[in-house]
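These are the residues of each chain, in order.
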Amino acid sequence: MRSIFSKAILAAAQADSKVLLLTGDHGYALFDEFRKCLPAQFINAGIAEQNMVGVAAGLAKAGFKPIVYGLSAFVPIRVLEQIKMDVCYENLPVVFMGDGAGLVYSSLGSSHQSTEDIAVLRCIPNISILSPCDVYEMQYAMDQALRFESPFYVRMGKSDIGQVHQGPVSVPIGDLVTVRTGTQNNVVFLATGSMVKTAVTLAETIDASVWSVPAIKPINTDQLNSIALHTKTLVTLEEHSIMGGLGSLVAEIVSKTGNTRVVRMGVQDRFSQKCGSYDYLLKEHGIDVAALLPQLSSILVTD
């Protein structure tokens, strides 16, 4: 996914000299080719992320097309006020790339983990939020964001979890994407980012359907309500807090249309207790397959 991102921004910048890349002293190896080919379009703003967003906003007002890169614990979390007032209030075409979303930076502790980025951005007007699950959705996300029509946040995980789709994703922004079609209609999985792969593994045990949600905002509410009307239980999975993320969004929407139950699977309302590997943190927070299977069994019993 990071490779797709790197190639996409290089191609966009080569095609348009107004495309600029700003980084807060991160991603050197990732941007080696960009700096080599287009040094005048690369800005290292240093460890000053809030200032970096202000610079990006000024550049956008001057007609440039800034891409702001950082760890998702810093972009958007550290720079939330600047995103809100400098960029979104003016509806400026700035693309924010949050790398290492969720628990990816597991060994660095809670300061570098980001399980609240979707929640804090969802309520800010004008910004779109994309959460790709594999390289195909990553290309889709970059195709959408690099149109530079309004603020975008792309939530990028870094762990190598393999591919979900068999080929390119081409749907209107906001649409959910079918990943698996099953015969079990009592439960349908809706997942985003790294958890789409996990959803497929869980769905295979009961032959249920899985939908990927590459766009958190906007989202196709008509499509979501249609899915809800044909099942008893929607199970949402996300490498993000269950508060304010995909699960909350789905519950808010389908609560208006019927009696479909929404079960939110994700990070509970707490910080990581220990540091460790990525797999360890998934286990600690109860969102690995081994921890989720018993929860799924309990859902089926309830149904």
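Scroll up for the structure.
Remember, predicted model here, so these are calculated numbers, not experimental data. (Residues numbered from 1 in each chain as written. Predicted model: local features only at pLDDT ≥ 70, side-chain atom pairs only at ≥ 80, totals over all residues. Heavy atoms only, no water.)

Student: Is there a simple way to explain the packing of helix α8 (residues 221–229) against helix α9 (residues 246–254) in this structure?
Tutor: The description of two helices packed together rests on the angle between their axes and the distance between the axes. Closest axis-to-axis distance for the α8/α9 pair is 10 Å, and the angle between their directions is 80 degrees. Considered as vectors, α8 and α9 are oriented roughly perpendicular to each other. Along the contact surface, α8 presents Thr-221, Leu-224, Asn-225 and Ala-228, while α9 presents Val-250, Ile-253 and Val-254. Residue classes in the contact of α8 with α9 are distributed as five nonpolar, two polar and no charged. (Axes fitted to C-alpha atoms, helices over the stretch in contact; angles between N-to-C directions. Helix = DSSP H or I, 4+ residues; strand = E, 2+ residues; numbered from the N terminus. Parallel < 35°, antiparallel > 145°, perpendicular 65-115°, else oblique. Contact = heavy atoms within 4.5 Å. Nonpolar A, V, L, I, M, F, W, Y, C, P; charged D, E, K, R; others polar.)

Student: Can you walk me through empty space enclosed by the protein in this structure?
Tutor: If you roll a probe as big as a water molecule over the atoms, it shows you where there is empty space left. Applying the stated criterion across every chain, the model contains one cavity of 30 Å³ or more. Considered as a void within the structure, the largest cavity measures approximately 120 Å³ in volume. The wall of the largest cavity is formed by 15 residues, among which Pro-132, Met-156, Gly-157, Gly-193 and Ser-194 lie closest to the centre. Of the residues contributing to the lining of the largest cavity, the split by class is seven nonpolar, five polar and three charged. (1 Å grid on protein atoms, 1.4 Å probe; cavity = no way out; pocket = protein on both sides within 12 Å on 5 of 7 lines; lining within 4 Å. Points joined across faces, edges and corners; volume = space filled by probe spheres on them.)

Student: Quick question: what am I supposed to make of the packing of aromatic side chains here?
Tutor: The way to describe two aromatic rings as a pair is by their centre distance and the angle between their planes. Following the criterion strictly, the structure yields five aromatic pairs and no others. Ring centres of Phe-5 and Phe-31 lie 6.1 Å apart, and the angle between their planes is 75 degrees; this geometry places the pair in the edge-to-face category. Note that Phe-5 is positioned in helix α1 (residues 2–15) and Phe-31 in the loop between β1 (19–23) and α2 (32–37), a separation of 26 residues in sequence. The exposure class of Phe-5 is buried, given its relative accessible area of 0%. Considering the side-chain rings of Phe-31 and Tyr-69, the 4.9 Å spacing of their centres and the 85 degrees angle between planes classify their relative orientation as edge-to-face. Taken as a pair, Phe-31 in the loop between β1 and α2 and Tyr-69 in strand β3 (residues 65–71) lie far apart in primary sequence, 38 residues in all. In terms of burial, Phe-31 and Tyr-69 fall into one category: buried. Every member of this aromatic cluster is reached through a ring pair, and the members are Phe-5, Phe-31, Phe-34, Phe-42 and Tyr-69. Note that Lys-18 overlies the ring of Phe-64, its terminal NZ or CZ placed 5.0 Å from the centroid. Between Arg-35 and the ring centre of Phe-42, over which it is positioned, the NZ or CZ distance is 5.8 Å. (Phe/Tyr/Trp six-rings, centres within 6.5 Å; stacked < 30°, edge-to-face > 60°. Buried < 20%, exposed > 50% of the residue type's maximum accessible area, 1.4 Å probe, protein only. Lys NZ or Arg CZ within 6 Å of the ring centre and 35° of its normal.)

Student: What is the right way to look at the environment of Lys-18 in this model?
Tutor: Inspection of the secondary structure assignment puts Lys-18 in the loop between α1 and β1. The exposure class assigned to Lys-18 is partly exposed, which follows from its relative accessible area of 37%. Residues Lys-18 and Asp-279, spaced 261 residues apart in sequence, show a C-alpha to C-alpha distance of 41 Å. Those residues in contact with Lys-18 that sit more than four places away from it in its chain are Gly-63, Phe-64 and Lys-65.

Student: Teacher, can you tell me more about the side chain of Ser-272 here?
Tutor: Within the fold, Ser-272 resides in the loop between β12 (261–267) and α10 (278–284). On the accessibility criterion, Ser-272 (15% relative accessible area) is buried. Polar contacts involving the side chain of Ser-272 include one to the side chain of Gln-113, which spans 2.6 Å. When sequence neighbours within four positions are dropped, the list of residues in contact with Ser-272 reads Leu-103, Ser-110, Gln-113, Leu-281, Glu-284 and His-285. (Polar contact = N/O pair within 3.5 Å; in protein donor to acceptor, adjacent residues only side chain to side chain.)

Student: How do you make sense of the pairing of strand β6 (residues 152–156) when you look at a structure like this?
Tutor: Side-chain direction in a regular strand flips from residue to residue, so the side chains alternate between the two faces of the sheet. Burial runs high along β6: five of the five residues are buried. A two-sided burial pattern is seen for β6, the buried positions comprising Phe-152, Val-154 and Met-156 on one face and Tyr-153 and Arg-155 on the other. Here strand β4 (residues 95–99) runs beside β6; their pairing, made up of five bridges, is parallel. Paired with Val-95 across the bridge in β6 is Phe-152. Examined bridge by bridge, strand β5 (residues 128–130) and β6 share three bridges and lie parallel to one another. If you follow Ser-128 over to β6, its bridge partner there is Phe-152. In terms of handedness, the path from β5 via helix α6 (residues 135–145) over to β6 forms a crossover that is right-handed. (Pairing = 2+ DSSP bridges. Right-handed = clockwise from strand over helix to strand, strands pointing away.)

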